[in-house]
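Topology and contacts: notes
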Amino acid sequence: MSNICFGEGDALYERYHDEEWGRPVRDERGLYEKLCLEAFQSGLAWITILRKRDTFRSAFANFDPEAVARFGKRDVNRLLNDAGIVRNRLKVDAAIANAKATVALRDGPKALPELVWDHAPPNRRAPRSWADVEPLTPESTALSKELKRQGFRFVGPTTAYALMQACGLVNDHLAGCRVRADVERARKAG
């Protein structure tokens, strides 16, 4: 068994695995970015998004929700003509709608970080293989429903679960993974 869950042989992918995936993200901008990138990833390989991430950040004002919430038709056209990102109108429109929803949550009972982290599932045993990892859970289904209720788009239960994995709500690093224990410590400290 490899001592890495995924990305072996690709330096960018290995760095993402070792330094980011599963580590807690609790700030609004970081959660909004991950939510957008997970939505753009839908139907594609994550490495595709990872390789385009810097261009995504530039194109989407470093995922500043306030800035993206102000995007208009000119920005949409600019994004749809940017070969450095995934040019899908529904996903671009969703990123803008999700920025508006993120900003709107600030005036509600829960801002985005609290809303997302309130859906963290209880700890469970480390998966021994990817066959042990479900693509969605009752918690990701509930998070998806709540995000949609708040005006978010492209946030189905599978995308919500991918967000939970990426942002440390769950630790799906496999049992033999070299960073699993570090990720678990970061989750407990967070």
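Residues numbered from 1 in each chain as written. Predicted model: local features only at pLDDT ≥ 70, side-chain atom pairs only at ≥ 80, totals over all residues. Heavy atoms only, no water.

Topic: the nonpolar core
Formed by 55 residues in total, the largest nonpolar core has its most connected members in Phe56 and Phe60. Leaving out residues up to four positions away in the same chain, Phe56 has contacts with Leu37, Phe40, Ile49, Phe63, Ile85 and Val86. (Core = buried A, V, L, I, M, F, W, Y, C linked by side-chain atoms within 4.5 Å. Buried < 20%, exposed > 50% of the residue type's maximum accessible area, 1.4 Å probe, protein only. Contact = heavy atoms within 4.5 Å.)

Topic: the packing of helix H1 (residues 11-19) against helix H3 (residues 46-59)
Put simply, H1 and H3 touch, their axes get as near as 10 Å, and they point 95 degrees apart. On the basis of their axis angle, the class for H1 and H3 is roughly perpendicular. Across the interface between the two elements, Leu12, Tyr13 and Tyr16 of H1 pack against Trp46, Ile47, Leu50, Arg51 and Arg53 of H3. (Axes fitted to C-alpha atoms, helices over the stretch in contact; angles between N-to-C directions. Helix = DSSP H or I, 4+ residues; strand = E, 2+ residues; numbered from the N terminus. Parallel < 35°, antiparallel > 145°, perpendicular 65-115°, else oblique.)

A short note on helix H8 (residues 138-149)
Here H8 contains 12 residues, and its C-alpha end-to-end distance of 16 Å stays within 8% of the 16 Å for a straight helix at 1.5 Å per residue. Within H8, burial applies to Ser140, Leu143, Ser144, Glu146 and Leu147. Buried residues along H8 sit in contact with helix H2 (28-41), helix H7 (112-117) and helix H9 (157-166). Directly after H8, the chain includes Gly151, whose backbone phi takes a positive value near 100 degrees. (Expected span 1.5 Å × (residues − 1).)

A closer look at the pattern of salt bridges
For the coordinates displayed, the defined rule picks out 16 salt bridges. One salt bridge connects Asp75 with Arg78, and the closest N-O pair in it is separated by 3.3 Å. Of this pair, Asp75 and Arg78 both sit in helix H5 (residues 73-80), 3 residues apart, which is roughly one turn of that helix. The class for Arg78 is partly exposed, based on a relative accessible area of 35%. The network of salt bridges with shared partners includes Arg29, Glu33, Asp54 and Arg57. (Salt bridge = Lys/Arg side-chain N within 4 Å of Asp/Glu carboxyl O.)

Quick notes on the side chain of Ser140
By the secondary structure assignment, Ser140 is in helix H8. Among the polar contacts made by the side chain of Ser140, one reaches the main-chain carbonyl oxygen of Pro157 at a distance of 3.1 Å. The residues touching Ser140, leaving out its near neighbours within four places in the chain, are Pro157, Ala160, Tyr161 and Met164. (Polar contact = N/O pair within 3.5 Å; in protein donor to acceptor, adjacent residues only side chain to side chain.)

Some words on the layout of surface pockets
Approximately 370 Å³ is the volume found for the largest pocket. Contributing to the lining of the largest pocket are 17 residues, with Trp21, Glu38, Gln41, Ala162 and Gln165 lying nearest its centre. Of all the secondary structure elements, the ones that give two or more residues to the lining of the largest pocket are H1, H2 and H9. Broken down by element, the residue count for the lining of the largest pocket peaks at 5 residues, all from H9. Looking at the lining of the largest pocket residue by residue, the classes come out as 10 nonpolar, 5 polar and 2 charged. (1 Å grid on protein atoms, 1.4 Å probe; cavity = no way out; pocket = protein on both sides within 12 Å on 5 of 7 lines; lining within 4 Å. Points joined across faces, edges and corners; volume = space filled by probe spheres on them. Nonpolar A, V, L, I, M, F, W, Y, C, P; charged D, E, K, R; others polar.)

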